[in-house]
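# Structure assessment
What follows is each chain in one-letter form.
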Amino acid sequence: MAKSARPNILFFFSDQQRWDTCGCYGQPLGVTPNLDAMARDGVRFANAFTCQPVCGPARACIQTGRWATELSCPTNGCRLPVEHPTVARLLRGAGYECGYIGKWHLASYDGAGTSYYDRPVPAALRGGYDDYWLASDVLEFTSHGHDGHMWDGAGNQRDFPKGRYRVDAQTDWVLEYLDSRRQDRPFFLMTSYIEPHHQNDHARYEGPHGSKDRWADYLVPGDLVGTGGDWRKNYPDYLGQCNSLDLNLGRIRARLEKLGIADNTLIIYTSDHGSHFCTRNSEYKRACHDGCIHIPMVIAGPGFTGGKVIEPLASLIDIPETILAAAGVAVPAFMRGRPLQQVVKKTPRDWPREVFIQISEDHTGRALRTHRWTYEIQAKRADWYRIHGFDYVEAYLYDNQADPHQKTNLVAEPGFASIRAELAARLAQLMIDAGEPRPAISAAAAT
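This one's a predicted model, so the numbers in the text were calculated from it and none came from an experiment. (Residues numbered from 1 in each chain as written. Predicted model: local features only at pLDDT ≥ 70, side-chain atom pairs only at ≥ 80, totals over all residues. Heavy atoms only, no water.)

### As for the overall build of the chain
What counts, and what does not: Segments assigned H or I by DSSP are reported as helices when at least four residues long, segments assigned E as strands when at least two residues long, and all are numbered from the N terminus. For every accessible area listed, the method is Shrake-Rupley and the probe measures 1.4 Å; residues are considered covered only by the protein chains on display.
Along the backbone of the chain there are 11 helices and 18 strands. Taken along its principal axes, the extent of the C-alpha atoms in the chain is 65 × 50 × 50 Å. When the accessible area of the chain is evaluated, it comes to approximately 16400 Å², of which 51% is carbon and sulfur surface.

### Regarding the environment of Val138
Rule in force here: We call two residues contacting when some pair of their heavy atoms lies within 4.5 Å.
Considering the arrangement of structural elements, one finds Val138 in the loop between strand E5 (132–136) and helix H4 (139–142). The spacing of Val138 and Val121 is 17 residues in sequence and 10 Å in space, taken between C-alpha atoms. Contacts of Val138, omitting those with residues within four sequence positions, involve His105 and Tyr117.

### Notes on the nonpolar core
Put simply, the test is: For this analysis, a nonpolar core means a set of buried residues of the types Ala, Val, Leu, Ile, Met, Phe, Trp, Tyr and Cys, connected via side-chain atoms within 4.5 Å. When accessible area is computed with a 1.4 Å probe and restricted to protein chains, residues below 20% of their type maximum are described as buried, those above 50% as exposed, and intermediate ones as partly exposed.
In terms of nonpolar packing, the biggest core is built from 111 residues, with Phe45, Leu91, Phe188 and Leu340 touching the most fellow members. Sort the elements by how many residues they give to this core and helix H5 (residues 166–180) lands first, with 7 residues. For Phe45, the contacting residues outside a window of four places in its chain are Tyr25, Met297, Ile299, Phe304, Ile310, Ala314, Leu340, Val343 and Val344. Counting 12 residues, the second largest nonpolar core, distinct from the first, contains Val31, Trp215, Trp231 and Phe277.

### Remarks on the pairing of strand E9 (residues 187–192)
Where we set the bar: At least two DSSP bridges between two strands are required for those strands to pair.
For E9, the buried fraction is high: 6 of the 6 residues fall into the buried class. Here E9 shows a buried face lined by Phe187, Leu189 and Thr191 and a second buried face lined by Phe188, Met190 and Ser192. Note: strand E1 (residues 8–14) against E9, 5 bridges, orientation parallel. Looking at E9, one finds that Ile9 is bridged to Phe188. Here 6 bridges tie strand E4 (residues 97–103) to E9, and the two strands are oriented parallel to one another. By the bridge assignment, Glu97 is partnered in E9 with Phe187.

### Observations regarding the packing of helix H1 (residues 33–41) against helix H7 (residues 231–258)
Threshold: All axes are obtained by fitting lines to C-alpha atoms, using only the stretch in contact for helices, and the reported angles, taken between N-to-C directions, cover 0 to 180 degrees. The labels follow the angle: roughly parallel below 35 degrees, roughly antiparallel above 145, roughly perpendicular from 65 to 115, and oblique for the rest. Classification convention: Asp, Glu, Lys, Arg as charged; Ala, Val, Leu, Ile, Met, Phe, Trp, Tyr, Cys, Pro as nonpolar; all other residues, Gly among them, as polar.
Taken N-terminus to C-terminus, the directions of H1 and H7 make an angle of 55 degrees; their axes are 7 Å apart at the nearest point. Between H1 and H7, the interaxial angle falls into the category oblique. On the side of H1, the interface is formed by Pro33, Asn34, Leu35, Ala37, Met38 and Asp41, while H7 contributes Asp246, Leu247, Leu249, Gly250 and Arg253. Across the contact of H1 with H7, the residue classes break down as 6 nonpolar, 2 polar and 3 charged.

### What about the sheet that holds strand E14 (residues 355–359)?
What links the strands of a sheet is backbone hydrogen bonding, and the strands pair in either a parallel or an antiparallel sense. Strands sit in the order E14-E15-E16-E17-E18 across an open sheet of 5 strands; the sheet is mixed. Of all the strands in the sheet, the pair left with one neighbour each is E14 and strand E18 (440–442). Adjacent strand axes in the sheet meet at a mean angle of 25 degrees when their direction is disregarded. As paired elements, strand E16 (residues 373–379) and strand E17 (residues 391–399) share 7 bridges and run antiparallel to each other. Counted as the bridge partner of Ala379 is Tyr392 from E17. Against the sheet, helix H11 (residues 417–433) engages E14, strand E15 (365–369), E16, E17 and E18, with an angle of about 65 degrees to E16.

### Points about H7
Definition in use: For a helix, the expected span equals 1.5 Å multiplied by the number of residues minus one.
Over its 28 residues, H7 extends 39 Å from the first C-alpha to the last, a length consistent with the 40 Å expected when each residue adds 1.5 Å. Gly260 occupies a position one or two residues after H7 and carries a positive phi of about 75 degrees.

### Here we look at the environment of Ile268
Along the chain, Ile268 falls in strand E10 (residues 265–271). Judged by its relative accessible area of 0%, Ile268 falls in the buried class. Taking the C-alpha atoms as reference, Ile268 lies 9.7 Å from Thr322; in sequence the two are 54 residues apart. Those residues within four positions of Ile268 in sequence are excluded, and the remaining contacts are Ile9, Leu10, Phe11, Phe12, Val298, Ile299, Ile319 and Ile323.

### Re the side chain of Ser192
One can find Ser192 in strand E9. Looking at Ser192, the relative accessible area reads 0%, which means it is buried. Discounting chain neighbours no more than four positions away, the residues touching Ser192 are Phe13, Arg59, Tyr100, Ile101, Gly102, Lys103 and Gln170.

### Some points on the pairing of E17
Side-chain direction in a regular strand flips from residue to residue, so the side chains alternate between the two faces of the sheet. Counted only if it meets this: By the criterion used throughout, a crossover qualifies as right-handed when its path from the first strand across the helix to the second strand runs clockwise, the strands pointing away from the viewer.
Of the pairings in the sheet, the one linking E17 to E18 comprises 3 bridges and is parallel in character. By the bridge assignment, Tyr392 is partnered in E18 with Ile441. In this region the chain leaves E17, passes through H11 and returns to the parallel neighbour E18; the handedness of that crossover is right-handed.

### Observations concerning the packing of aromatic side chains
Basically, it comes down to this: Only the six-membered ring of Trp is used, alongside the rings of Phe and Tyr, when aromatic pairs are assigned; centres must lie within 6.5 Å, and planes under 30 degrees apart are stacked while those over 60 apart are edge-to-face, with the rest tilted. Two conditions define a charge located above a ring, namely a distance within 6 Å from the ring centre to NZ of Lys or CZ of Arg, and an angle within 35 degrees of the ring normal.
Counted according to the given criterion, the structure contains 25 aromatic pairs. The interplanar angle of 85 degrees and the centroid separation of 5.0 Å between the aromatic rings of Trp67 and Phe356 together place this pair among those described as edge-to-face. Here Trp67 is found in the loop between helix H2 (55–64) and helix H3 (87–93), whereas its partner Phe356 is found in strand E14, with 289 residues between them in sequence. With a centroid separation of 5.3 Å and an interplanar angle of 90 degrees, the aromatic rings of Tyr205 and Tyr284 are classed as edge-to-face. Here Tyr205, found in the loop between E9 and helix H6 (211–214), pairs with Tyr284, found in the loop between E10 and helix H8 (290–293); they are 79 residues apart in sequence, far enough to count as distant. You'll find Tyr205 and Tyr284 in the same group, each marked buried. The positively charged end of Arg44 is found above the aromatic ring belonging to Tyr25, 4.8 Å away from the centroid.

### Some points on empty space enclosed by the protein
We count it as follows: Here a cavity denotes a set of grid points, spaced 1 Å apart and computed over the protein atoms alone, in which a 1.4 Å probe fits but from which it cannot get out, and a pocket denotes an open set meeting protein on both sides within 12 Å along at least five of seven lines; residues with an atom within 4 Å of a point are reported as lining. Grid points are joined across faces, edges and corners, and a volume is the space filled by probe spheres set on the points.
Summed over all chains, the structure comprises 2 cavities of 30 Å³ or more. Looking at the second largest cavity, its volume works out to about 60 Å³. Taken together, 13 residues form the lining of the second largest cavity, with Leu80, Val82, Ala124, Leu125 and Gly127 sitting closest to its centre. Each residue belonging to the lining of the second largest cavity can be placed in one class, and the counts come to 8 nonpolar, 2 polar and 3 charged.

Shown next as structure tokens:
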């Protein structure tokens, strides 16, 4: 069959990966040579941030282009609305073949209260990925670093080969898909890895065998220097997980070359959020700090070439519109981001000067990140199941220019009252634009 002229799109999605694990973002060790090569071919977004530093809500945003609160998916354990237009549904309507491999985390419960955490996700809860499906709703519940399973579109369990590292096994299935599909339609394939997420039931990061020795001589990230947390025992394995992702990115790019479709395939590499290794709260994410909101974002292929480095801010919420624009599909008015093609060509005058971030579970927070400032407000009363409408108090203010590792919280310093007032007004407007009521924001108590 004739190959399609429209670009294929492969979305390589990691979980809990800091931007500074990558060589193209300054990592001195050879953790990501394949991603670094992709950045030299394509476009690297130097200042990319998540819109929600929690797994499920972030995924809801990238499947729909809407804020997690708009979808009633503000926390993990929420089901993506069944009939909501998604990227996959829109692409399929335009003739794309849509496939999904890996961690889903958006089925959770059906209307009758049935959990899909450890069972096959039914077709109705797959977000429109109706052409190919090989996934687990919560992959960290059905696998470990060297064992586990997913389910195919017919509900059949597929086990990882005994002893094979999880990233390698998942990529084996990605290559199987690429080799077996017909080429008469363009494809959109999302491969959603669990790495470098920690393994919940083992309470640690599980890298490939030998990671602790291979990556023992790492440079401690500046935000972790002098802190507690559990990074000392976990960081070598964490880098090992990132290196495994990179090796498998290389396998995928090589297979696209072998199949003769590399030049017409757009590859998007990014993550849902990072990890601060229990240094900002009692776990790994759910905070406004760069350790968990600053993410890698590299795109290469049609429209993203030349080794450009983009300094203007980019958000995970921009990815859905970027995918649709690459496919030539009209972007629905309800989507909240901007196609990144706009800023690659020339930064529009109205390009956002901040990234809006919704935070849940550890606390209910709203934050914005500009080039210079990080500012967060937190709800005075915690309630996971309430979406918005809280009274808030100022919680964090960081000057990222003077304090890039965010060691000094300025939120109660009198000399920054005017800065806080400006940022509070900007954040309030972002919340209103996201469909939330105008917040009541109290000043932090002076220290």
